[in-house]
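This is what each chain is made of:
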Amino acid sequence: MSRKTEPAMNPVALAEYLEQRVALFRHVSAEGVAGVVKGSRVVSFEPNEAVVECGEDPAFLGVLLEGEMAAMRVDEGGRSEEVGRFKAGDTFGEMALMSGEKTMASFIARTRCRVLRIPVPVFQSSVMTAPRAVQHLSRTIAARFRQWAADPSKAAAAFRRSEDPYGLRLKGERPEKILVVNCGSSSLKYACFDTEDEARTARGQIERVGLPGTRLVHRGPRGEAARELPRGGYEEAFQEMVRELSAGDTGVLGAPSEVTVVGHRVVHGGERFSEAVVVDDAVLREIEALNPLAPLHNPVNVLGIREARRVFPSVPHVAVFDTAFHHTLPSYAYLYGLPYVYHEQRGVRRYGFHGTSHAYVCLRAAQSLQRRFEELEVVSCHLGNGASLCAVDHGRSVDTSMGFTPNEGLIMGTRCGDLDAGVVTYLQREEGLTATQIDELLNKQSGLLGLSGLSSDMREIEKAADAGDPRALVALKAFCYRVRKGIGACVAAMGGLDVLTFTGGIGQGSSGVRSLALQGLQCMGIRLDEERNRNARGFDGICRISTDDSRVAVLIVPTDEARMIARETLRALSRSYLKRVWEAHRRDPIPIEVSAHHVHLAQPHVEALFGPGHLLTRQSDLSQPGQFACAEQVTLVGPKGRVERVRVLGPARQATQVEISMTEQFKLGIHPPIRESGDLHGTPGCVLEGPAGRITLGQGVICALRHIHMAPADALHYGVKDKATVRVRVPGERELVFGDVRVRVSPDFRLAMHIDTDEANAAHLETGTLGYLDGIQSQD
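A brief report on the enclosed structure follows. Quick caveat: nothing in here was measured; it's all calculated off a predicted structure.

### Observations regarding the sheet that holds strand 38 (residues 770-778)
Strand order in this closed barrel of 6 strands is 24-37-34-36-35-38, and the pairing throughout is mixed. Each adjacent strand pair in this sheet contributes to an overall mean axis angle of 45°, direction not counted. The sheet contact formed by strand 24 (residues 590-595) and strand 37 (residues 752-756) spans 4 bridges and is parallel. Bridged to Ser595 within strand 37 is Asp756.

Quick look at the structure:
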């Protein structure tokens, strides 16, 4: 197609056009209009050319400067119909920017068109900071929200038609060349990605940094390089990396100055960092303060960041944390049975690791199955020299095998995994081992190496086991037994399973380990196809190794932590662009409301409980427009007990839903997952009793994810999208911050944050307390 950028327009003429012809910009200051003119570009399109394709990610706000354009909706069968016309002066793309969903229609030029593409950062900083412009946009978005809500199939069709529905393609707000750095105790791994041309990707590793035999291995689009290096530290290693990346024969950079952002792997983020962050001096100090939690990893990660900031001083640096994906673990999953003071004062709890790998593999599995990530229950098995399992319930990590350190959980190459704490005190008392010696024993002398006495490499263990070596055989069986037992625990944690994935050197490379780990799990719906498993080439791409009739899909999914770090780096940059918007409004309060247990009923259940033809009786209006508390009440009955006089909320819904807190969970003997309202697949049920009868729900009981209701004007005001995840600060004598708060946007909502009674009681909060936006964790 002949899409091309126009020569730069006269800035004064373009500014006048926007102010006079485009209604939105009549509400934007002259400074804001100037910012739009400076930061945007004009693109021309010929007749019948696509200005925006259905299924594209929202990347800009469009202004049609000249010509005529049609919005075309494409149905499941590929047939298209016109659903709107745009003329010069109209804007488009507002709805996608707000909802975060894929563009739900194709925009086709009917005549020759010129379009002003306003990038998201420019839109956020120059338009969304103008209150009257926000009001104007909110009216437009509200109308389109109602159209979207009236036909949800549009969003589903856009998702299926998207070329990148899972957000795995590296796309920034502008072209980026991303350097990913992973500093280990004696190694430097790196990768370089070009968002404009992903074929120009290079990866490499410098081994034995600071030791004799330092070696560089580099792979790029123009070939491979391998050479011995003089012994040197990280300063010399960075110099060699830069030299190789910009080498004329194997490099992908014309000069080191082409790097626009650097992403860093950081192993431990503690409780402070629940998402990737742009690094400044204060953030670096906070990462360094976490060194005691990961003494083998974080210090060298910090060293790598300092060296990279010295080498690339003029570009942003982003820290991506292994622990961040697991910040959604509920407290009952991450707490140890120790006095609570050690968690409060020392941060002793389960954190989980390999989060970057688990997140990537689950997204790729969803992509392979053409299912939404947020609708699957997945067990991810990362099996390598380090090994861990993760239970991912509807997009959220709810349990994982690693804990306070990467030593907990499975048997690994040189790490022991789960261990009775009494063994440590026994060895101290009987063998006289010091803390340093015990660290060395548990982290470097145990696992497969310690059990077999031969090697930490599973390939050598399997070879020796095949030859009849008894210790190699027991090491192999112990490893696979722990994996099999852990899979069962993950399934129990979620209450179901759709997909099981293998990744890592062992997970991708050993058919024997996969087979032994899955034996006996047919009761969970896992049926392995042994022939597919034996023939699978796990390093070449995704392979399905379950039988066609297996209820659970078993996949081998090669991991790519470097790509995932690059992806999270771009997302952190995007959040940083929004910082000006939400910081400008962080003093604007969000009212907090405490939500007690309640029930939403489908109309057939209303009649079953209260009599044929019965309609819910409005007793009092709730804060959200159109919603009300009913005069009707029901009794909840679970395996253990009853909760009486539970209020029904109206109006009637399509599916019955019961929302309870942890206290009611205990009373009833039910363990529901933390879910968004309406996300009921795989949830437990209970019995409801009413004056006219009783019903048994097969599913529908949840513990509601804390959330904020926002109208479009509120979302624009705070600079967030529908389904964003944010932190909310609540000031007071004991100031606290609620993380993992989901934003829901609808023109039918009024601004309010909802927490349940247990959370409110624990924090000594009541309805009417005010919270303040403290940060954006994710905004997909």
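### A word on the environment of Val36
You can see Val36 is positioned in helix 2 (residues 30-39). Note on Val36: relative accessible area 0%, which makes it buried. For the pair Val36 and Ile118, spaced 82 residues apart in the sequence, the C-alpha separation amounts to 6.7 Å.

### Quick look at the sheet that holds strand 22 (residues 543-544)
As summarised here, the arrangement of the 6 strands in space is 20-19-18-21-23-22, forming an open sheet in which the pairing is mixed. In this open sheet, the two strands that pair with only one neighbour each are strand 20 (396-400) and strand 22. Note that strand 18 (residues 377-383) and strand 19 (residues 387-393) share 7 bridges and pair antiparallel. If you follow Cys381 over to strand 19, its bridge partner there is Leu389.

### Some details on the pairing of strand 17 (residues 317-321)
Within strand 17, 5 of the 5 residues are buried, which leaves the element mostly enclosed by the surrounding structure. Burial along strand 17 is two-sided: His317, Ala319 and Phe321 and Val318 and Val320, pointing in opposite directions, are all buried. Bridge analysis of strand 15 (residues 261-266) against strand 17 gives 5 bridges, and the strand direction is parallel. Within strand 17, the residue paired with Val266 across the bridge is Phe321. Of the pairings in the sheet, the one linking strand 16 (residues 277-278) to strand 17 comprises 2 bridges and is antiparallel in character. Each bridged residue has a counterpart across the sheet, and for Val277 the counterpart in strand 17 is Ala319.

### A closer look at the packing of helix 16 (residues 458-466) against helix 17 (residues 470-494)
Interaxial distance between helix 16 and helix 17 falls to 8 Å at its minimum, and their mutual angle equals 125°. With respect to helix 17, the axis of helix 16 lies oblique. For helix 16 against helix 17, the interelement crossing comes out left-handed. Between helix 16 and helix 17, the residues in contact are Met458, Ile461, Glu462, Ala464 and Ala465 and Ala472, Leu473, Ala475, Leu476 and Phe479, respectively. Of the residues contributing to the contact of helix 16 with helix 17, the split by class is 9 nonpolar, no polar and 1 charged.

### Overview of the side chain of Ser455
With respect to the helices and strands, the residue Ser455 is situated in the loop between helix 15 (447-452) and helix 16. Overall, the relative accessible area of 8% leaves Ser455 in the buried class. Among the polar contacts listed, one links the side chain of Ser455 to the side chain of Glu460, at a separation of 3.3 Å.

The rules behind each value
- Residues numbered from 1 in each chain as written.
- Predicted model: local features only at pLDDT ≥ 70, side-chain atom pairs only at ≥ 80, totals over all residues.
- Heavy atoms only, no water.
- Pairing = 2+ DSSP bridges.
- Helix = DSSP H or I, 4+ residues; strand = E, 2+ residues; numbered from the N terminus.
- Axes fitted to C-alpha atoms, helices over the stretch in contact; angles between N-to-C directions.
- Buried < 20%, exposed > 50% of the residue type's maximum accessible area, 1.4 Å probe, protein only.
- Parallel < 35°, antiparallel > 145°, perpendicular 65-115°, else oblique.
- Left-handed = near helix turned anticlockwise from the far one by under 90°.
- Contact = heavy atoms within 4.5 Å.
- Nonpolar A, V, L, I, M, F, W, Y, C, P; charged D, E, K, R; others polar.
- Polar contact = N/O pair within 3.5 Å; in protein donor to acceptor, adjacent residues only side chain to side chain.

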